[in-house]
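Fold and geometry: a report
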Amino acid sequence: MSGSEQESAHRIIHRTVERVARESYGRLVAYLSAHTRDVASAEDALSDALVKALRAWPRDGVPENPEAWLMTTARRSIIDHVRHEQVAKASEPTLALLREDSKEPNMTLSPEFPDERLKLLFVCAHPAIDPAMHTPLMLQTVLGLDAALIAHAFLISPTTMGQRLVRAKTKIRDGGIRFEIPQERELPERLDAVLEAIYAAFGIGWDDMVGVDQRGRDLTEESVWLARVLLRLMPQEAEVHGLLALMLHCEARRSARRGPDGRFVPLSEQDPKQWSLPLIEEAERHLGEASSRGRAGRFQLEAAIQSVHAERGRSGRTAWPAITLFYEQLIRISPTLGTQTGYAAAVAEAEGPKAGLAVLDEIDLAAVSTYQPYWAVRAHLLQRLGKTPEAADAFDRAIGLSEDPAVRKFLLQRRG
Amino acid sequence: MQFALLIFEPPEAFAARNADENDPYLGAWRAYHKAIVEAGIFVGGNPLQAPETGTTVRLKNGKRRVQDGPFADTKEQLGGFTILELPSLDAALEWAARCPAASIGAVEVRPVSPEYLRRVTG
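Residues numbered from 1 in each chain as written. Chains lettered and ligands numbered in written order. Predicted model: local features only at pLDDT ≥ 70, side-chain atom pairs only at ≥ 80, totals over all residues.

Overview of the overall build of chain B
Counting its secondary structure elements, chain B contains 4 helices and 6 strands. The order of α-helices and β-strands along chain B, N terminus first, is β-α-α-β-β-β-β-α-β-α. Referenced to the eigenvectors of the C-alpha coordinate spread, the extents of chain B come out at roughly 50 × 40 × 20 Å. In chain B, 75% of the contacts between residues at least 6 apart in sequence involve partners at least 24 apart. (Helix = DSSP H or I, 4+ residues; strand = E, 2+ residues; numbered from the N terminus. Contact = placed C-beta atoms within 7 Å.)

A word on the overall build of chain A
Assigned secondary structure in chain A consists of 19 helices and 0 strands. For chain A, the spread of C-alpha atoms along the three principal axes comes to 80 × 55 × 40 Å. Long-range contacts, defined as pairs at least 24 residues apart, comprise 62% of the intrachain contacts of chain A with a sequence gap of at least 6.

Here's the deal with the confidence of the model for chain A
In this model, chain A carries a mean pLDDT of 89, and residues with pLDDT of at least 70 account for 91%. Under a pLDDT of 50 for its full length, residues 104-110 of chain A has, in the predicted model, 7 contacts with residues more than four places off or in other chains. (pLDDT = per-residue confidence, 0-100.)

Describing the sheet that holds strand β6 (residues 106-111) of chain B
Within a beta sheet, neighbouring strands are joined by backbone hydrogen bonds and run either parallel or antiparallel to one another. Residue and element names in this part refer to chain B. Taken in spatial order, the 4 strands of this open sheet run β2-β5-β1-β6, and their pairing is antiparallel. For this open sheet the edge positions go to β2 (42-47) and β6, each flanked by a neighbour on one side alone. Neighbour-to-neighbour, the strand axes of this sheet turn through a mean angle of 20°, independent of strand direction. Relative to strand β5 (residues 77-85), β2 runs antiparallel, the two sharing 5 bridges. Among the inter-strand pairings, P47 is bridged to a residue of β5, identified as G80. (Pairing = 2+ DSSP bridges. Axes fitted to C-alpha atoms, helices over the stretch in contact; angles between N-to-C directions.)

A closer look at the pairing of β5(B)
Across 8 bridges, strand β1 (residues 2-9) of chain B lies against β5(B) in antiparallel orientation. Bridge pairing in β5(B) places Q2(B) opposite E85(B).

Focus on the environment of A296(A)
Locating A296(A) in the fold gives a position in the loop between α12 (277-292) and α13 (298-315). For the pair A296(A) and A151(A), spaced 145 residues apart in sequence, the C-alpha separation works out to 34 Å.

Notes on the interface of chain B and chain A
Contacts between the two partners involve 16 residues from chain B, matched on the other side by 15 residues from chain A. Listed by contribution, the elements that provide at least two residues to the side of chain B that touches chain A are α2 (24-38) and α3 (89-98) of chain B. With 9 residues, α2(B) is the largest single contributor of residues to the side of chain B that touches chain A. Here the side of chain B that touches chain A is built from residues that sort into 8 nonpolar, 2 polar and 6 charged. (Nonpolar A, V, L, I, M, F, W, Y, C, P; charged D, E, K, R; others polar.)

Structural notes on the packing of α13(A) against helix α14 (residues 320-333) of chain A
Residue and element names in this part refer to chain A. Relative orientation of the contacting elements α13 and α14 amounts to 165°, with a least axis distance of 9 Å. In terms of axis orientation, α13 runs roughly antiparallel to α14. Handedness of the crossing formed by α13 with α14: left-handed. In this structure, α13 contributes R298, L301, E302, A304, I305 and V308 to the contact, and α14 contributes A322, I323, F326, Y327, Q329, L330 and I333. Of the residues contributing to the contact of α13 with α14, the split by class is 10 nonpolar, 1 polar and 2 charged. (Parallel < 35°, antiparallel > 145°, perpendicular 65-115°, else oblique. Left-handed = near helix turned anticlockwise from the far one by under 90°.)

Some remarks on unusual backbone geometry
Residue and element names in this part refer to chain A. Within the chain, R37 stands out as a residue other than glycine whose phi angle is a positive 60°. Position of R37 relative to the elements: it lies in the loop between α1 (3-34) and α2 (39-60). Located in the positive-phi region is L155, a residue other than glycine, with phi close to 60°. You can see L155 is positioned in the loop between α7 (147-153) and α8 (158-174). For L155, a count of 15 C-beta atoms within 10 Å corresponds to the partly exposed category. (Buried ≥ 20, exposed ≤ 12 C-beta atoms within 10 Å, placed from the backbone.)

Re the packing of helix α9 (residues 187-206) of chain A against helix α11 (residues 238-252) of chain A
All names here are of chain A. Put simply, α9 and α11 touch, their axes get as near as 10 Å, and they point 5° apart. For the element pair α9 / α11, the angle class is roughly parallel. Between α9 and α11, the residues in contact are L191, L195, I198, Y199, F202 and W206 and E239, V240, L243, M247 and C250, respectively. When its residues are assigned to classes, the contact of α9 with α11 shows 10 nonpolar, no polar and 1 charged.

Describing the confidence of the model for chain B
Summary statistics for chain B give a mean pLDDT of 94 and a share of 100% for residues scoring 70 or more. On the interface metric, ipTM, the complex scores 0.86, and its pTM is 0.85.

Concerning α9(A)
All names here are of chain A. For α9, which comprises 20 residues, the first-to-last C-alpha distance of 28 Å matches the rise-based estimate of 28 Å (1.5 Å per residue) to within 8%. Among the residues making up α9, those that are buried are L191, V194, L195, A197, I198, Y199, A200, A201, F202, I204 and G205. In this fold, the buried residues of α9 make contact with α5 (117-124), α6 (134-141), α7, α10 (219-233), α11 and α13. (Expected span 1.5 Å × (residues − 1).)

As for the environment of A245(A)
Residue and element names in this part refer to chain A. Along the polypeptide, A245 turns up in helix α11. When the C-alpha positions of A245 and E281 are compared, they lie 9.5 Å apart, and in sequence the two are 36 residues distant. Look past the residues within four positions of A245 in its chain and what remains in contact with it is A283, H286, L287, A290 and A303.

This is the structure we're talking about:
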């Protein structure tokens, strides 16, 4: 091969390795850590295997089943590492892995290995792990996202995020957290934690607070991908359909949120022709799937609210009374600041600003000292009631709490 | 705990200080200050005049050295500082992200050192 032919062959292999890594990272980490519970070692072993691939594949050719090659190589790396350390101290699950390995001395490539990602997702959202770390853990171990990128998204220094991730993984390994699908009894609550963690990633991406990751996708795309993986693994769960429906409805309106000059466009002023019809239709299909399973939940209700908003594309109107009804149910099962504020805004549209303000007044002021949406809604309602100085104050609070310059500009203009 | 937010701004931000009442950057700063005060976390702080007004003093080998201009010759310059009382660095970083300067310049967050203050002041 000529020098330049060799170079482009290398580049193709590099890209192949990257592609396999991207698509298979979560499956590989999940399988490698499912028995040892040692997620950090699995990740290290996989990194090692990827480096080895970059060296071996240009020389020996890309294997027929690259994923299996990586899995086998990573497993060997873990076993070698354990042998190198004091084997006597090895944990029972690692010893089991060693025994399994000794049965197949030739390490023939097994074409399929089970998808343990569902167990890994439940592990990441385990109650014993700091709730603030559920989403970062998922993003790193299931999606293989760079720890520094995750840190930026969560407004934490990369070093601190690295330390917290290590601590969480150590807890998984040493704290007796089992790699298993929860029992029927605990499933709803445990599943909810998984869904919350995926939705949290979506929320961060939604606020445009992170750029594009090393896979060329942003956090909203990554979290939709995670939800789809979860749905494939748990197709019978209504709330998983609900979460996907919610995210797809939001994604459908994404490009309508900003004007051509980058200015912020609130939902009420968006042109429905800019909403993605295919995404709305897919969202509606999932919402239908969810309701046919008869287990109501928080994400289905949130998706239902977004569905009513999407209706404006067909009917030209927003059915605010329907939205307030959904919020009333939502508040019963999930009385967060978000749902209470959303409810107040809906009541204001359905019954007038005074009624909306009355709902806001029920919220404890101390709880909203840094909650921007409360102040934005309050400012809007006070303005509609003609209470100019109080409205200006509330606008200032909302502006001062906003991170996005486009949102600040919009509120400043509204304030007058 | 007290955290200092050191505010670094590009030349455009300093130029905008004389802009009219409707300037969005000025509006954003007014709102930010209000939000900090109403949240009960504002301890103190001040904007500084533009970097050209700075004069830097050193003593080198016992000799006075006075230089026109700020300490460092960087594009973004110190424009002011704010001291906030907050429970954690995480909270301070959230407020730093809301600071209008964060989207056009940079905000350095550093904890105040009460230990060293005690040593110095006795």
